[in-house]
Amino acid sequence: MIAAPGLDAPFDLRARLADLYCAYSDALDDGELERWPDFFTENCVYKVIPRENFERELPIALIYCESRDMLADRVVALRETALYVPRLVRHLTGNIRLRAIEPQGLRLTANFALFQSMVDQPSELFLCGRYHDKVVEEGAGLRFAERICVYDSTVVPTSLVYPV
Amino acid sequence: MIAAPGLDAPFDLRARLADLYCAYSDALDDGELERWPDFFTENCVYKVIPRENFERELPIALIYCESRDMLADRVVALRETALYVPRLVRHLTGNIRLRAIEPQGLRLTANFALFQSMVDQPSELFLCGRYHDKVVEEGAGLRFAERICVYDSTVVPTSLVYPV
Amino acid sequence: MIAAPGLDAPFDLRARLADLYCAYSDALDDGELERWPDFFTENCVYKVIPRENFERELPIALIYCESRDMLADRVVALRETALYVPRLVRHLTGNIRLRAIEPQGLRLTANFALFQSMVDQPSELFLCGRYHDKVVEEGAGLRFAERICVYDSTVVPTSLVYPV
């Protein structure tokens, strides 16, 4: 067994993927929700699902969107609702790993930790888990055709209305 | 819109920037405060500022230094004061992103999470936020001409005397 | 002094090291303990030690294994014991830094944060610290000849039976 199987991906692909992951997190951390759907293909799948359900292949997800339009709708809903307490979000994404290069796209996983800061409270860990992604070349850039956000906790974070 | 705009930076520049960010965090995590000013240019700007003030362009910062000498003074003050409880610091820096290559220097941002460990207590998240940096070539290396540490929390961490 | 000393390592070595660190964390995060010893050489040294002891060169470590067989034994013991509450682990590894290229191997350090998720509880920071590694070429891959996991906290995390 080879300890570090890492796919023999060209350097420029690695760099472009790193840039994609950075740009995605930055848009969310900047609160630029309207830019969020642009990171996805038109027929994308976006899910936020507890690890327990993901591993048992149970379908129930906290968020389930099946197109870029649904993501855009979600942003509008988020902007128009005031039911949740305002918070700042901060992503740390690591362990970005190219798993497979398939004709339909690139398979990647990455670990994430999300920290939130609410008014008059210290920052705190909010959620951690792993992205399971399919990334495709589209036009001049890379986009997510699939992003499954699998979070580790079994308790549903009540504030999880914001994209991961 | 291109989802992953990432600048077309040569690989060796990317690698050198990654090394700079690593070396900076490592020096602080090792408690080698005396080495900290060396990461900056002589006329550097170093600030630690809450995100609220940064976004509204309010000038008030928790730490504000306008030269490498001021950083060195700060280290001396830190070493001579015993008013703060000893703690170990640990940086996780991610999302390092080259934003612009300008004649005056490179513009970058990066996310940080700082964890602290105090005697007889478990490690905890202390601060998270984003660096807004200007990096310049100087002699044989890269140095920070500007490092603005923008932290997310609105509460001032009482122990924030240590460099970020 | 050069601010960013980073060794002049070829890009493909950097990429392979990044892959090794990713694969290691992923195996543990996936709970695939049986794959864990494969990341080490036969005569490896693996330690988990508090920073206080590491810096004073005190020998006492929480975990001390001197061969791949000892790691494998540890996995069996972990699988057979039910004394610890089940938890999910999530690694964030950053600041991976090549420190020296020696005839006996590559010297690296990296920062880690470990988050754990227990049933019906939110995810939380569990441990943070630094890996001090020696990595060698073996067969077609890279393996750890030495991995010293130095954690920052002075309190012994009672649940630290799981590999770091």
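Just above sits the structure.
Residues numbered from 1 in each chain as written. Chains lettered and ligands numbered in written order. Predicted model: local features only at pLDDT ≥ 70, side-chain atom pairs only at ≥ 80, totals over all residues. Heavy atoms only, no water.

> What exactly am I supposed to notice about the relation of the copies chain A and chain B here?
When chain A is fitted to chain B, the best match, at an RMSD of 0.0 Å, comes from turning it 120° and sliding it 0.0 Å along the axis. Classification of the inter-copy transformation places it as that of a three-fold axis. When the interface residues of chain A are mapped onto chain B, a mere 14% of them again fall at the interface, so the copies present different faces. (Least-squares fit on C-alpha atoms with pLDDT ≥ 70 in both. Contact = heavy atoms within 4.5 Å.)

> What is the right way to read the relation of the copies chain C and chain A from this model?
Structural alignment of chain C on chain A gives an RMSD of 0.0 Å, achieved by rotating through 120° and translating 0.0 Å along the axis. Comparing interface residues between copies, only 14% of those in chain C also sit at the interface in chain A, which points to a heterologous contact through distinct surfaces.

> In this structure, what is going on with the sheet that holds strand β6 (residues 141-151) of chain B? I would like to understand it.
Strand pairing in a sheet relies on backbone hydrogen bonds. The paired strands run either parallel or antiparallel. Residue and element names in this part refer to chain B. Here 6 strands make up an open sheet; going across it, the order is β2-β1-β6-β5-β4-β3 and the pairing mixed. If you trace the sheet from one side to the other, it starts and ends with β2 (63-65) and β3 (87-102), each paired once. Across the sheet, the axes of successive neighbouring strands diverge by a mean angle of 20°, strand direction being ignored. In the sheet, strand β4 (residues 105-118) pairs with strand β5 (residues 124-138) via 11 bridges, with the strands oriented antiparallel. Following the sheet pairing, Phe 115 is matched in β5 by Leu 125. (Pairing = 2+ DSSP bridges. Helix = DSSP H or I, 4+ residues; strand = E, 2+ residues; numbered from the N terminus. Axes fitted to C-alpha atoms, helices over the stretch in contact; angles between N-to-C directions.)

> I keep staring at the sheet that holds strand β2 (residues 63-65) of chain C and nothing clicks. Help me out?
Within the open sheet, the 6 strands sit side by side as β2-β1-β6-β5-β4-β3 (chain C). Their pairing is mixed. The two strands at the open ends of the sheet, each matched to only one other strand, are β2 and β3 (87-102) of chain C. Ignoring which end each strand starts from, the neighbouring axes of this sheet average 20° apart. As paired elements, strand β1 (residues 40-50) of chain C and β2 of chain C share 3 bridges and run antiparallel to each other. Within β2 of chain C, the residue paired with Val 48 of chain C across the bridge is Ile 63 of chain C. Set on the sheet, helix α1 (residues 11-29) of chain B makes contact with β3, β4 (105-118) and β5 (124-138) of chain C; between it and β3 of chain C the angle comes to about 105°. The strands that helix α3 (residues 68-80) of chain C touches are β1, β2, β5 and β6 (141-151) of chain C; relative to β1 of chain C, the one it contacts most, it runs at about 60°.

> Whenever I open this one, the side chain of Arg 147 of chain C confuses me. Can you help?
Residue and element names in this part refer to chain C. Structurally, Arg 147 is set in strand β6. Its relative accessible area of 1% is what places Arg 147 among the buried residues. In this structure, Arg 147 is in contact with Tyr 21, Tyr 24, Phe 40, Val 45, Tyr 46, Lys 47, Tyr 131, His 132 and Asp 133, ignoring residues within four places of it in sequence. (Buried < 20%, exposed > 50% of the residue type's maximum accessible area, 1.4 Å probe, protein only.)

> It is not clear to me how the interface of chain A and chain B should be interpreted in this structure. Could you clarify?
Interfaces are frequently sized by the accessible area removed from exposure as the parts join. Listed by partner, the interface residues are 36 residues for chain A and 29 residues for chain B. Across the chain A/chain B interface, buried area totals approximately 2,600 Å², and carbon plus sulfur atoms make up 56% of it. Taken together, chain A and chain B are joined by 6 salt bridges. Put simply, Asp 19 of chain A and Arg 14 of chain B hold a salt bridge, and the shortest N to O gap is 2.8 Å. For the pair chain A and chain B, the number of links is 13 residue pairs in polar contact (both at pLDDT 80 or more). Listed by contribution, the elements that provide at least two residues to the side of chain A that touches chain B are α1 (11-29), β3 (87-102), β4 (105-118), β5 (124-138) and β6 (141-151) of chain A. Per element, the largest residue contribution to the side of chain A that touches chain B is 12 residues, and it comes from α1 of chain A. (Buried area = accessible area lost by both parts, 1.4 Å probe. Salt bridge = Lys/Arg side-chain N within 4 Å of Asp/Glu carboxyl O. Polar contact = N/O pair within 3.5 Å; in protein donor to acceptor, adjacent residues only side chain to side chain.)

> Would you explain the pairing of β5 of chain A in this entry?
Residues and elements named next belong to chain A. Across the 15 residues that make up β5, a large majority, 11, are buried. Hairpin connection of β4 to β5: 5 residues between the antiparallel strands, including Asp 120 at a positive phi of 60°. Relative to β6, β5 is paired through 10 bridges, and the arrangement is antiparallel. Bridged to Glu 138 within β6 is Gly 141. Counted between consecutive antiparallel strands, the loop separating β5 from β6 contains 2 residues, among which Gly 139 sits at a positive phi close to 65°.

> When you look at the interface of chain C and chain A in this model, what are you seeing that I'm missing?
Every contact between the two is made by 36 residues of chain C and, on the other side, 29 residues of chain A. Overall, the association of chain C and chain A removes approximately 2,500 Å² of surface from exposure, summing both partners, and the carbon and sulfur fraction of that is 57%. Here chain C and chain A share 6 salt bridges between them. Residue Asp 26 of chain C is joined to Arg 97 of chain A by a salt bridge in which the shortest nitrogen-to-oxygen separation is 2.8 Å. Counting every contact that joins chain C to chain A gives 13 residue pairs in polar contact (both at pLDDT 80 or more). Elements that contribute at least two residues to the side of chain C that touches chain A include exactly α1 (11-29), β3, β4, β5 and β6 of chain C. Residues belonging to the side of chain C that touches chain A are distributed by class as follows: 17 nonpolar, 7 polar and 12 charged. (Nonpolar A, V, L, I, M, F, W, Y, C, P; charged D, E, K, R; others polar.)

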